[in-house]
Amino acid sequence: MNVLVVFDHPRRDSFCGALLDRFVTGLGAAGHSAEIADLRAEGFDPRLPEADEPAWEDDAKRYSDAVLAEQARILRNEAMAFIFPVWWWSFPAPTKSWIDRVWNNGWAYGASKLPHARALLIGSCSSSAAGFAKRGYDNAMQTQLVVGIMNYCGIADAELRLLHDVTDDSSRRSAHLEAAERLGREFARPAETARISR
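Residues numbered from 1 in each chain as written. Predicted model: local features only at pLDDT ≥ 70, side-chain atom pairs only at ≥ 80, totals over all residues. Heavy atoms only, no water.

Chemist: Please provide a residue-by-residue account of the packing of aromatic side chains, values included.
Modeler: Applying the stated criterion across every chain yields a total of eleven aromatic pairs. Seen from their ring centres, F82 and W98 are 6.3 Å apart, and the 65° between their planes marks the pair as edge-to-face. Here the residue F82 occupies a position in strand β3 (residues 79-85), and W98 occupies one in helix α3 (residues 93-102), the gap between them amounting to 16 residues. Assessed through its relative accessible area of 1%, F82 is described here as buried. You can call W98 buried: its relative accessible area is 0%. An aromatic cluster is defined as three or more aromatic residues linked by ring pairs; in this entry it consists of F82, F84, F91, W98 and W103. Taking the ring centre of F7 as reference, the NZ or CZ of R12 above it sits at 5.6 Å. Over the ring of Y152 we find K113, and its NZ or CZ is 4.9 Å from the ring centre. (Phe/Tyr/Trp six-rings, centres within 6.5 Å; stacked < 30°, edge-to-face > 60°. Helix = DSSP H or I, 4+ residues; strand = E, 2+ residues; numbered from the N terminus. Buried < 20%, exposed > 50% of the residue type's maximum accessible area, 1.4 Å probe, protein only. Lys NZ or Arg CZ within 6 Å of the ring centre and 35° of its normal.)

Right, dumping it as structure tokens:
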């Protein structure tokens, strides 16, 4: 399976970058091919110009060349994965802006939806699972990111995995790195409905 892995962190040498490396290693061990979209390193422009504003009355609108190139990259892959730090209980702004600008009306929703078999969202969290659950952040992210974006755009098999307490100690980080590699190896397995790692 060809998998587009969307990476969003200011530093490639961060813990998120290590998660990316281990996830891609797992994909390779399972016979999958990874194409990495490092949004920050590639300089993706997150601003939404008029040319890429959704045209609700025109499902066949032609968007900018930059957006068409991103759409082509998405479509040459059969599935997607996202690796990101959880900031304000969501994606960082570049990933959200990439979705705002590229997953447009008539292409990802509306007259046409994404054809992808699977999407996996791996979020790195500095706080605890108990803290997320106490305030309902885990359920809010599930609703917003999985139901509101992935499912809405046609990806029925979408899963959010939150890796908590990443700043605690090296043993916790090592366990998360092992989990990321395992998620890569097991990527093609159907996800359990609304499963969130705690």
